[in-house]
Amino acid sequence: MMTDFQQVISFWFDDIDKSMWFKKDNEFDRIIMSKFATLHSQAMAGELYEWRKQPQGRLAEIIVLDQFSRNMYRDSAKAFASDTLALVLAQEAVAQGQDRLLTATERSFLYMPYMHSESEVIHQQALVLFNQDGLESNYQFEKKHFDIIKQYGRYPHRNNILGRESTAAEIAFLTQPGSSF
């Protein structure tokens, strides 16, 4: 049975401490896996399409595909396997103006698949989306992400996980503090 999207929204924005959003924590990853693994499989299969009728429903599906994937499958290629689907859902939301019906914090997660993309074209869109009131911190992070994509055409910190060979320049970059997200 499909879980109501409000459970995802409540968990992500109300039930957990915001410091957990971008923190590596094995216990938190296990909690997300136990609560949302089935839902993630449903999202990957396109079964949550009814959620997309409402802005928060689409946001919930994006959080499941973009954020929960990173927690549930940390340090594996599966962490990035749903990025394209999450990006398409975000692009549709923006095209339909659904993003304008969300709070700034909610929009930041709706736009996150743009930041996670390894496409320079997508990052040019991300710079525009994140450059708005209430998203100043996200905008600064997007600029850092975009700089990496401009320089390397990808995120070097994903190379080992995705079985890609790193260039000498990427290896040197990865030795710098803050090179991995």
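Reading the values: rules and limits
Residues numbered from 1 in each chain as written. Predicted model: local features only at pLDDT ≥ 70, side-chain atom pairs only at ≥ 80, totals over all residues. Heavy atoms only, no water. Axes fitted to C-alpha atoms, helices over the stretch in contact; angles between N-to-C directions. Helix = DSSP H or I, 4+ residues; strand = E, 2+ residues; numbered from the N terminus. Parallel < 35°, antiparallel > 145°, perpendicular 65-115°, else oblique. Left-handed = near helix turned anticlockwise from the far one by under 90°. Contact = heavy atoms within 4.5 Å. Nonpolar A, V, L, I, M, F, W, Y, C, P; charged D, E, K, R; others polar.

The name given to the protein chain in an unreviewed UniProt entry is DUF924 domain-containing protein, and the organism recorded there is Shewanella electrodiphila.

Trainee: In this structure, what is going on with the packing of helix α1 (residues 5–15) against helix α3 (residues 55–72)? I would like to understand it.
Mentor: Geometry of a packed helix pair, given as the angle between the helix axes and the separation of the axes. As a packed pair, α1 and α3 sit with axes 9 Å apart at the nearest point and diverge in direction by 60°. In terms of orientation, α1 lies oblique with respect to α3. In terms of crossing hand, the pair formed by α1 and α3 is left-handed. Along its contact with α1, which presents F5, Q6, V8, I9, F11, W12 and F13, the element α3 presents Q56, G57, L59, A60, I63, V64, Q67, F68 and N71. Among the residues making up the contact of α1 with α3, the classes are represented as 11 nonpolar, 5 polar and no charged.

Trainee: What is the right way to read the packing of helix α5 (residues 104–116) against helix α7 (residues 136–152) from this model?
Mentor: The geometry of α5 relative to α7 is characterised by a closest axis approach of 11 Å and an angle of 10° between their N-to-C directions. The orientation of α5 relative to α7 falls into the category roughly parallel. Contacts between α5 and α7 pair S108, M112 and M115 from the former with N138, F141, E142 and H145 from the latter. Taken together, the residues of the contact of α5 with α7 sort by class into 3 nonpolar, 3 polar and 1 charged.

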